[in-house]
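# Commentary on secondary and tertiary structure
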Amino acid sequence: MGKDRISNSLQICEKLFNELENINTVLLMTKTFCMEKEFNRQYYGISEESVLQLSEERNNYINMLVILAEKIDTARNLNLSLERELRLHNDTDYCS
């Protein structure tokens, strides 16, 4: 792989990592907001049956956000592994 291609690939890795960080920030803000509403029992004066349904719905959303955060973390780690491999390949090319 040529040096220009490696350099371009490394730039893409950096941009991808930054995008994943931005997505993760929004996700964590959303999860925190949902958790605060649930922990503070903010139910807007609705019936007990509706409270239980809303609580279950919020908890489902929170669980999905946790799973999504794990997937983002996996994608970040894969991106970092790819970046390390590209840098290693790039350094090996310079040594040749």
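None of the values given here were measured: they were computed from a predicted structure. (Residues numbered from 1 in each chain as written. Predicted model: local features only at pLDDT ≥ 70, side-chain atom pairs only at ≥ 80, totals over all residues. Heavy atoms only, no water.)

## Some thoughts on the environment of Asn-40
- Along the chain, Asn-40 falls in the loop between α1 (3-39) and α2 (48-95).
- What makes Asn-40 exposed here is its relative accessible area of 52%.
- Separated by 14 residues in sequence, Asn-40 and Val-26 place their C-alpha atoms 21 Å apart. (Helix = DSSP H or I, 4+ residues; strand = E, 2+ residues; numbered from the N terminus. Buried < 20%, exposed > 50% of the residue type's maximum accessible area, 1.4 Å probe, protein only.)

## What to know about the nonpolar core
- Formed by Leu-20, Leu-27, Leu-65, Ala-69 and Ile-72, the largest nonpolar core amounts to five residues.
- Looking at this core, the elements with two or more residues in it are α1 and α2.
- The leading source of residues in this core is α2, at three residues.
- If sequence neighbours within four positions are ignored, Leu-65 has contacts with Leu-27, Thr-30 and Lys-31. (Core = buried A, V, L, I, M, F, W, Y, C linked by side-chain atoms within 4.5 Å. Contact = heavy atoms within 4.5 Å.)

## Section: the environment of Lys-37
- Mapped onto the elements, Lys-37 comes out in helix α1.
- Owing to a relative accessible area of 18%, Lys-37 belongs among the buried residues under this scheme.
- Placed 19 residues apart in sequence, Lys-37 and Glu-56 show a C-alpha to C-alpha distance of 13 Å.
- Ignoring sequence-local partners within four residues, the contact set of Lys-37 consists of Gln-42, Tyr-44 and Arg-58.

## Observations concerning α1
- Between its first and last C-alpha atoms α1 spans 53 Å; for 37 residues at 1.5 Å apiece the expected length is 54 Å, and the two agree.
- Those residues of α1 that sit buried are Ile-6, Leu-10, Cys-13, Leu-20, Asn-24, Leu-27, Lys-31, Cys-34, Lys-37 and Glu-38.
- Looking at the residues trailing α1, positive phi occurs at Arg-41, about 50°. (Expected span 1.5 Å × (residues − 1).)

## Considerations on the pattern of salt bridges
- In total, this model carries four salt bridges according to the counting rule given.
- Close ionic contact of Arg-58 with Glu-38 constitutes a salt bridge, the shortest N to O distance being 3.5 Å. Of this pair, Arg-58 sits in helix α2 while Glu-38 sits in helix α1, placing them 20 residues apart in sequence. Just as Arg-58 is buried, Glu-38 falls in that class too.
- Note that Asp-73 is salt-bridged to Arg-76, the shortest N-O span being 2.9 Å. (Salt bridge = Lys/Arg side-chain N within 4 Å of Asp/Glu carboxyl O.)

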